[in-house]
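If you want the building blocks of each chain, they are given just below.
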Amino acid sequence: MTESAWWRSRRMLIGAGAGVVVAGAATVALVAQASGAACAATVQSSAGQATYYAADGGGNCSFDKVSDPLVVALGNAEYQSGAACGGYLDVKGPKGSVRVKITDRCPECAAGHIDLSQPAFAKIGTISDGIIKVTYTQPTSPAVPGPVTVRVKEGASQYWLALRFDNTGNPLSTAEVQSGSTWKPLTRTDYNYWIAESGAGKGPFTVRITDTAGRKTTLTGVALTVGTVQRPGASTTSGPTTATKTTTATRTTAPPSSAAPSPTAVDVQPELATDSSPSSGPAAAPAASPSANSC
């Protein structure tokens, strides 16, 4: 079987001598969620194939770019409209294993086909092969590089709020902002921001997130400061009562996620329209107040 046209156009780093595409099968368990989140995707076990591309740690999940990224893009069936963002996969290939963070969407990839960053691919396969057989599973509560962070999206105000969370380890199933004595559910977008369409006031906010393992984290002192990565005070519980972590609120500046992509980036970028069909060029950006796609 020869490589397809989409594969040639999208894998800018792979030479013409790429190998044969291997058919694969995937098993995906979907956990239905209520209270504002569309649903949460958990990859139980899969066997199939991996390619690589010029990933930089950013992508459709709107995370910040990093050097030497160990990341992966998933096809629509496993990306689940952003529900997989922030989770990790343990991927085993011909040369060994690697743990990668889910940061992007590969619209052309069928279930069982994952798209790794080049550094991740090189750890488990030979670059010149282009396509390799892999198996992968999703670990529960993996180690993360730091405390949970929050980023307030450009354009947010007291009338429209958009938050992105990072270092959660597991994908998130719900996010809520405190409003008086109640919790107001936020709605997930496919580009991994959580939205309060009518806003939540001027802040600072108290936000509660719940991941797919049932772990709840309450973040306090989230300021309405756009384009900034914040490390708010956090209290995490693994059940109804047991606190496991508390951190001090700090804040660092980060470049806006809407910055122009690097010249080598060839995948879907944050905040693009999310037509599930493959396309060779960027789609139109959403309106100023985006809404979530249902799973």
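See the structure printed just above.
Residue numbering note: each chain is counted from 1, following its sequence as written. Reporting of local features is limited, given that this is a predicted model, to residues whose pLDDT is at least 70; pairs of side-chain atoms are given and counted only at 80 or more, and all residues count toward the totals for whole chains, interfaces and linings. Neither water nor hydrogens contribute to the side-chain values; these are computed over all heavy atoms in the structure.

A. Representation of the overall build of the chain in the model. Within the chain, the regular secondary structure consists of three helices and 19 strands. Here the chain, with 295 residues, has 48% of them falling under the buried criterion. We call two residues in contact whenever any of their non-hydrogen atoms come within 4.5 Å of each other. Once local pairs closer than 6 in sequence are excluded, the contacts in the chain between residues at least 24 apart make up 67%. Under the scheme used here, helices are H or I runs from DSSP no shorter than 4 residues and strands are E runs no shorter than 2 residues, and both carry numbers assigned from the N terminus. Working definition: with a 1.4 Å probe on protein chains only, accessible area under 20% of the residue-type maximum means buried, over 50% means exposed, and in between means partly exposed.

B. Layout of the nonpolar core. Formed by 24 residues in total, the largest nonpolar core has its most connected members in Leu163, Phe165, Leu186, Val207, Ile209 and Leu219. Those elements giving two or more residues to this core turn out to be strand 8 (149-152), strand 9 (161-166), strand 10 (172-179), strand 13 (194-196), strand 14 (205-211) and strand 15 (216-222). In terms of residues, this core owes the most to one element, strand 9, which gives four residues. Setting aside residues no more than four positions away along its own chain, Val207 makes contact with Leu163, Phe165, Glu176, Val177, Trp183, Thr217, Thr218, Leu219 and Val222. By nonpolar core is meant a set of buried Ala, Val, Leu, Ile, Met, Phe, Trp, Tyr and Cys residues that side-chain atoms within 4.5 Å join together. Counting residues in each nonpolar core, the second largest holds 22 residues, with Cys61, Ile124, Val134 and Tyr136 among its members.

C. Main features of the pairing of strand 8. Going residue by residue along strand 8, you find Thr149 and Arg151 tucked away on one face and Val150 and Val152 tucked away on the opposite face as well. Paired strands, as defined in this entry, are two strands with at least two bridges between them according to DSSP. For strand 8 and strand 9, the ladder comprises four bridges, and the chain directions are antiparallel. Its bridge partner lying in strand 9, Thr149 is registered against Asp166. Both strand 8 and strand 16 (residues 228-231) contribute to a ladder of two bridges, which runs antiparallel. Across the sheet, Arg151 pairs through a bridge with Val229, a residue of strand 16.

D. Highlighting the side chain of Thr149. Mapped onto the elements, Thr149 comes out in strand 8. When near neighbours in sequence (up to four residues on either side) are disregarded, Thr149 contacts Arg164, Phe165, Asp166, Asn167, Val229, Gln230 and Arg231.

E. The arrangement of the side chain of Gln230 in detail. With respect to the helices and strands, Gln230 occurs in strand 16. In protein, a polar contact requires one atom able to donate a hydrogen and another able to accept it; more generally it is a pair of N or O atoms within 3.5 Å, and residues adjacent in sequence count only if both atoms are side-chain atoms. A distance of 2.9 Å separates a polar side-chain atom of Gln230 from the backbone oxygen of Ala223.

F. Looking closely at the state of the cysteines. Two cysteine sulfur atoms make up a disulfide if the distance between them is within 2.5 Å. Following the criterion strictly, the structure yields two disulfides and no others. Paired through a disulfide, Cys61 and Cys85 show a sulfur-sulfur distance of 2.0 Å. Sign of the S-S torsion, about -80° for the bond between Cys61 and Cys85, identifies this disulfide as left-handed. Of this pair, Cys61 sits in the loop between strand 2 (39-53) and strand 3 (71-74) while Cys85 sits in the loop between helix 2 (76-79) and strand 4 (88-93), and the two are 24 residues apart along the sequence. Like Cys85, Cys61 is buried. The residue that forms a disulfide with Cys106 is Cys109, at a sulfur-sulfur distance of 2.1 Å. As the torsion about the S-S bond is roughly 65°, the Cys106-Cys109 disulfide counts as right-handed. Note on accessibility: Cys106 and Cys109 belong to one class, buried.

G. Local environment of the pairing of strand 11 (residues 182-185). With four bridges joining them, strand 10 and strand 11 adopt antiparallel strand pairing. Bridged to Val177 within strand 11 is Lys184.

H. Examining the environment of Lys65 more closely. Considering the arrangement of structural elements, one finds Lys65 in the loop between strand 2 and strand 3. Among the residues examined, Lys65 registers a relative accessible area of 46% and is labelled partly exposed. The spacing of Lys65 and Ala55 is ten residues in sequence and 8.9 Å in space, taken between C-alpha atoms.

I. Fine view of the packing of aromatic side chains. When the centres of two rings from Phe, Tyr and Trp lie within 6.5 Å, Trp using its six-membered ring, the rings pair. Their planes under 30 degrees apart give stacked, over 60 give edge-to-face, and anything left gives tilted. In the structure shown here, the tally under the stated rule is two aromatic pairs. Geometrically, the ring pair formed by Tyr52 and Phe121 is tilted, given 4.9 Å between the ring centres and 50° between the ring planes. Taken together, the residues span a long stretch of sequence, with Tyr52 in strand 2 and Phe121 in helix 3 (residues 118-124) at a distance of 69 residues. Like Tyr52, the residue Phe121 is buried in the burial classification. We call a charge positioned above a ring when the Lys NZ or Arg CZ atom is no farther than 6 Å from the ring centre and deviates by at most 35 degrees from the ring normal. Its end group placed over the ring of Phe63, Lys101 keeps NZ or CZ at 4.0 Å from the ring centre.

J. Examining the pattern of salt bridges more closely. Only one rule defines a salt bridge in this text: a Lys or Arg side-chain nitrogen within 4 Å of an Asp or Glu carboxyl oxygen. The final tally for this structure, using the stated rule, is seven salt bridges. Residues Arg164 and Asp64 are paired through a salt bridge, measuring 3.3 Å at the closest nitrogen-oxygen approach. Taken together, the residues span a long stretch of sequence, with Arg164 in strand 9 and Asp64 in the loop between strand 2 and strand 3 at a distance of 100 residues. A relative accessible area of 25% means that Asp64 is categorised as partly exposed. A salt bridge links Arg99 to Asp90; the nearest nitrogen and oxygen atoms lie 2.6 Å apart. The exposure class of Arg99 is partly exposed, given its relative accessible area of 36%.

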